[in-house]
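Structure assessment
Here is how the chains run, residue by residue.
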Amino acid sequence: MAQTASPPAHAPAPVALAAVEPESARRPLISYVLPVYNEQDGITAFHTELIAALGSRPELDFELVYVNDGSADGSLALLKGLAEQDARVKVVDFARNFGHQIAITAGLDLACGDAVIVMDTDLQDPPKVSLELVDAWQGGAEIVHARRRSRQDTPFKKATAHLYYRMLRSSTEVDIPLDTGDFRLLDRKVADELRKFRERSRFVRGIVASMGYTQTEVAFDRDERFAGETKYPVRKMARLAVDGMTSFSTTPLKMITRLGFAVLALSLVGIVYALAMKFFRPEITVSGWTMLMCVVLFLGGTQMLSLGVIGTYIGRIYSEAQGRPLYLVREVIGGPESDD
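Residues numbered from 1 in each chain as written. Predicted model: local features only at pLDDT ≥ 70, side-chain atom pairs only at ≥ 80, totals over all residues. Heavy atoms only, no water.

One can describe the packing of helix α1 (residues 43-54) onto helix α4 (residues 127-138) by two numbers: an axis separation of 8 Å at closest approach and a directional angle of 40 degrees. For the element pair α1 / α4, the angle class is oblique. Pair α1 / α4 crosses with right-handed handedness. Where α1 approaches α4, its residues Phe-46, Glu-49, Leu-50, Ala-53 and Leu-54 are matched on the opposing element by Pro-127, Lys-128 and Leu-131. Looking at the contact of α1 with α4 residue by residue, the class counts come to 6 nonpolar, no polar and 2 charged. (Axes fitted to C-alpha atoms, helices over the stretch in contact; angles between N-to-C directions. Helix = DSSP H or I, 4+ residues; strand = E, 2+ residues; numbered from the N terminus. Parallel < 35°, antiparallel > 145°, perpendicular 65-115°, else oblique. Left-handed = near helix turned anticlockwise from the far one by under 90°. Contact = heavy atoms within 4.5 Å. Nonpolar A, V, L, I, M, F, W, Y, C, P; charged D, E, K, R; others polar.)

Spelled out as structure tokens, the structure:
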């Protein structure tokens, strides 16, 4: 006898689906990478001004990654205090001083934002200008450079910076923006790609310029330091200039070749002159001590200069071949525990 199926006495209740927040409703996270080296006199003022600027953009979330680059003053203690007061603050404490460019690299390694802003903490780069970089990023740019329209520096620094940036741009295969430092914004995908560049002698502004993507500029007026002394004296400026030139240009090597041909031509002229005087005017020919010394010194100086330039490139190869870590971190303070 056929049986007919009957529905269950109690039909299951419909399953309620949890409301899923659309991706577009999530507030963008902006990360700040902030290298610090002996800035105890100005770090509190910088943080106060930065927080005031960020308060004008409630539609955005922010993350502040301070990188203590082996400071010998009280900067670390102040940074720890900021991390205790503000959950958005994360402090990366280096085991020793590794340099400004490496500090930027460490900050980029830990930054989690949809966009990353790199800036110094001496208040020469105004925090409110960083929000103009965000506006340009929201407008579609993937890399936003902060270009210095004017700067409050010594005449010597202004002149050398002006000359260097133009010389670097004319001698490299990369179109490095003029009058720009490390103050810039990077889109998340650009920051992720930049993290793959692990050379030790770093020139971050040149690396970023070489990456392509959609780039734009925001002009601003650079202020004076709020407190303390510059952390880029002539020695460090010269080192950074050499890194920039040798990272993105073989012009020094080409100049050696051209100088070699010029010296060879002058040497041939001198040989012809010496032989002519020897055979055609022997009565006035005297011991050529002066010419000999000039030639020896000139050739010796040229050779030493050439060896120095070649040695710079060989030194870079040696450093890269060692494969040592770019930096060592003593501890990371603040931030979500999941970031460990």
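From this point, the narrative continues.
Attention now moves to the nonpolar core. Ile-30, Tyr-32 and Tyr-66 are the most contacted members of the largest nonpolar core, which has 36 residues in total. Ignoring any residue separated from it by four or fewer positions in sequence, one finds Tyr-32 in contact with Leu-50, Leu-54, Phe-62, Glu-63, Leu-64, Val-65, Ile-117, Met-119, Ser-130 and Leu-131. By size, the runner-up hydrophobic cluster in this structure holds 15 residues, among which are Ile-104, Val-116, Ile-143 and Leu-186. (Core = buried A, V, L, I, M, F, W, Y, C linked by side-chain atoms within 4.5 Å. Buried < 20%, exposed > 50% of the residue type's maximum accessible area, 1.4 Å probe, protein only.)

With that settled, consider the pattern of salt bridges. Where charged atoms from two side chains of opposite charge approach closely, those side chains can pair. By the definition in use, this model includes 16 salt bridges. In this structure, the salt-bridge partner of Glu-193 is Lys-196, at a minimum N-O distance of 3.2 Å. Residue classification places Glu-193 among the partly exposed positions, given a relative accessible area of 29%. Here the residues in one salt-bridge network are Arg-57, Glu-59 and Asp-135, joined through shared partners. (Salt bridge = Lys/Arg side-chain N within 4 Å of Asp/Glu carboxyl O.)

Right, let's get into the side chain of Asp-120. Following the sequence through the fold, Asp-120 ends up in the loop between β4 (115-118) and α4. A distance of 2.8 Å separates polar atoms of two side chains, one belonging to Asp-120 and the other to His-100. If we ignore the near neighbours within four places in the chain, the residues touching Asp-120 are Pro-35, Phe-46, His-100, Asp-125 and Arg-222. (Polar contact = N/O pair within 3.5 Å; in protein donor to acceptor, adjacent residues only side chain to side chain.)

On to unusual backbone geometry, then. You will see that Asn-38, though not glycine, has its phi angle at about 55 degrees, which is positive. What makes Asn-38 partly exposed here is its relative accessible area of 23%. A positive phi angle is found at Leu-123, which is not glycine, with a value near 70 degrees. Topologically, Leu-123 is positioned in the loop between β4 and α4. Taking relative accessible area as the criterion, Leu-123 reaches 8% and is therefore assigned buried.

Across all of its chains, the model carries 3 aromatic pairs by this definition. Between Tyr-32 and Phe-62, the aromatic rings sit 6.3 Å apart at their centres with planes inclined by 50 degrees, giving tilted as the arrangement. Of the two residues, Tyr-32 sits in strand β1 (residues 29-36) while Phe-62 sits in strand β2 (residues 61-68), which places them 30 residues apart along the sequence. The residues Tyr-32 and Phe-62 share a single accessibility class, namely buried. (Phe/Tyr/Trp six-rings, centres within 6.5 Å; stacked < 30°, edge-to-face > 60°.)

To continue, consider α4. Between its terminal C-alpha atoms α4 stretches 18 Å, which fits the 16 Å expected from 12 residues at 1.5 Å a residue. The first or second residue beyond α4 is Gly-140, which carries a positive phi of 120 degrees. (Expected span 1.5 Å × (residues − 1).)

Its 12 residues place the ends of α1 16 Å apart at the C-alpha level, agreeing with the 16 Å of an ideal helix rising 1.5 Å per residue. Of the positions making up α1, those classed as buried are Ile-43, Phe-46, His-47, Leu-50, Ala-53 and Leu-54. Down the axis of α1, the buried side of the element spans an arc of 125 degrees, and every buried residue falls inside it. Exposed positions of α1 whose direction lies more than 90 degrees from the buried face are Thr-48 and Ala-52. Buried residues along α1 sit in contact with β1, β2, α2 (75-85), β3 (89-94) and α4. (Arc of directions from axis to C-beta.)

Buried residues dominate β3, accounting for 6 of its 6 residues. Along β3, one buried face is formed by Val-89, Val-91 and Asp-93 and the opposite face, lined by Lys-90, Val-92 and Phe-94, is buried too. Examined bridge by bridge, β2 and β3 share 5 bridges and lie parallel to one another. Following the sheet pairing, Val-67 is matched in β3 by Val-92. Chirality of the crossover, the property in question, places the unit of β2, α2 and β3 among those that are right-handed. With 5 bridges connecting them, β3 and strand β8 (residues 329-334) associate as antiparallel partners. If you follow Val-91 over to β8, its bridge partner there is Ile-333. (Pairing = 2+ DSSP bridges. Right-handed = clockwise from strand over helix to strand, strands pointing away.)

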